[in-house]
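Structural features, examined
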Amino acid sequence: MPAARGAIAPRSGARPWTFYALATLFALYVLALYGPMICIYILSFQDVRGGLVFPMKGHSLHWFVDLFTQVRTGDVKGSFDRSIKLAILVTILTVVISFMAGLGFRRRFKGDGVVFYVMIGSLVAPGLVLGLGTGLLFQALGIATSWYGSALGAQLSWTLPFGVLVMFAVMSRFDDAWEEAARDLGASRWQTIWLVIIPVLAPGLVAVALFGFTLSYDEFARSLQTAGSLNTLPLEIWSMTLNVTSPSLYALGTVTTIVSFIIIGVSLGTIVLIQKKRGGRAMPPERS
């Protein structure tokens, strides 16, 4: 037995060489993942004399001011406003439909497998092809493509499968005893959903909302052929790469990253608050 313990953990307390090899590999992975973004963030704070590469020539917020005054850049304000509104619409619809799907799939019904695989099938289709098909469909129906119409539908084909899968995982841990207890106490179906099911599933609903917002906010492929004449923010960034040769593009990347981290932080903070609030309440006992 002592020999076996010695084979597992060295007696000297030194780490094995595999630890350092894996740690080096992980460090290189993190550097390759975040290094380009860090370079963009740094270069966005260059002075007016600065360019797109190192070395930096002074430090200032000139390119952020230039970005929002639209001296040489595109329609950043309008595209940002459209992306936020579109992401909010996608988030609301994703949460509502995913929640309804989670409730509907709690009981087996005829053809439920076909419905599930049809719903998940859009994850297999390439985003660019699906966006192109959506744009052609709207044109065939005589409906003009727009960010609030065709782009909304194309993005829902991307966010809904993720939202439904997350909701299925959350709903699988829901104890029916809580719902049955509410019914026994005289609660109606809507009261049971509003006062029992939604509070219990609130962290999962926030997670679905986070998926919907982040996937919509930076979606490019499904918006390229469906957004119409008014660009969303990812499309505007792509168009800026064709004609903007200044660190304003880097400043835009910094601003969008900050907005993304704020949304993620708010969502995670909401989940933590819900968990703390739930911890202070007495929950119904689980069924044995």
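I will try to describe carefully the structure that is included in this document.

Cut-offs used in this document
Residues numbered from 1 in each chain as written. Predicted model: local features only at pLDDT ≥ 70, side-chain atom pairs only at ≥ 80, totals over all residues. Heavy atoms only, no water. Salt bridge = Lys/Arg side-chain N within 4 Å of Asp/Glu carboxyl O. Helix = DSSP H or I, 4+ residues; strand = E, 2+ residues; numbered from the N terminus. Buried < 20%, exposed > 50% of the residue type's maximum accessible area, 1.4 Å probe, protein only. Core = buried A, V, L, I, M, F, W, Y, C linked by side-chain atoms within 4.5 Å. Contact = heavy atoms within 4.5 Å. Phe/Tyr/Trp six-rings, centres within 6.5 Å; stacked < 30°, edge-to-face > 60°. Lys NZ or Arg CZ within 6 Å of the ring centre and 35° of its normal.

**Concerning the pattern of salt bridges**
This structure, assessed with the given rule, holds 5 salt bridges. Across the pair R106 and E179 runs a salt bridge, and its minimum N-O distance is 2.7 Å. In this pair, R106 sits in the loop between α4 (76-104) and α5 (112-120) while E179 sits in helix α8 (residues 176-184), placing the two residues 73 residues apart along the sequence. Since its relative accessible area comes to 22%, R106 is described here as partly exposed. Looking at E179, the relative accessible area reads 13%, which means it is buried. One network of salt bridges, with partners in common, ties together R106, D176, E179 and R183.

**Quick notes on the nonpolar core**
Ranked by internal contacts, the top residues of the largest apolar core, which has 16 residues, are F99, M167, F174, I197 and L201. If you list the elements that add at least two residues to this core, you get α4, α7 (150-171), α8 and α9 (189-217). The leading source of residues in this core is α9, at 7 residues. Counting 14 residues, the second-largest nonpolar core is a separate cluster that includes A87, M240, L252 and V255.

**Structural notes on α8**
When we look at burial in α8, the residues that qualify are A177, W178, E179 and A182. Of the surrounding elements, those touching the buried residues of α8 are α9.

**Overview of the environment of G58**
Among the secondary structure elements, G58 is positioned in the loop between α2 (17-43) and α3 (62-69). Here G58 falls in the partly exposed class, since its relative accessible area comes to 25%. When the C-alpha positions of G58 and D47 are compared, they lie 4.8 Å apart, and in sequence the two are 11 residues distant. Residues contacting G58, with those up to four places away along its chain left out, are F45, Q46, D47 and R49.

**Details of the packing of aromatic side chains**
Counting across every chain of the model gives 12 aromatic pairs. Ring centres of F116 and Y117 lie 5.3 Å apart, and the angle between their planes is 75 degrees; this geometry places the pair in the edge-to-face category. Its relative accessible area of 60% is what places Y117 among the exposed residues. Between W147 and Y148 the ring centres are 5.3 Å apart and the planes differ by 90 degrees, which places this aromatic pair in the edge-to-face class. On the basis of relative accessibility, which here comes to 53%, the residue Y148 falls in the exposed class. In this structure, R15 is placed above the aromatic ring of F19, and the distance from its NZ or CZ to the ring centre is 4.3 Å.

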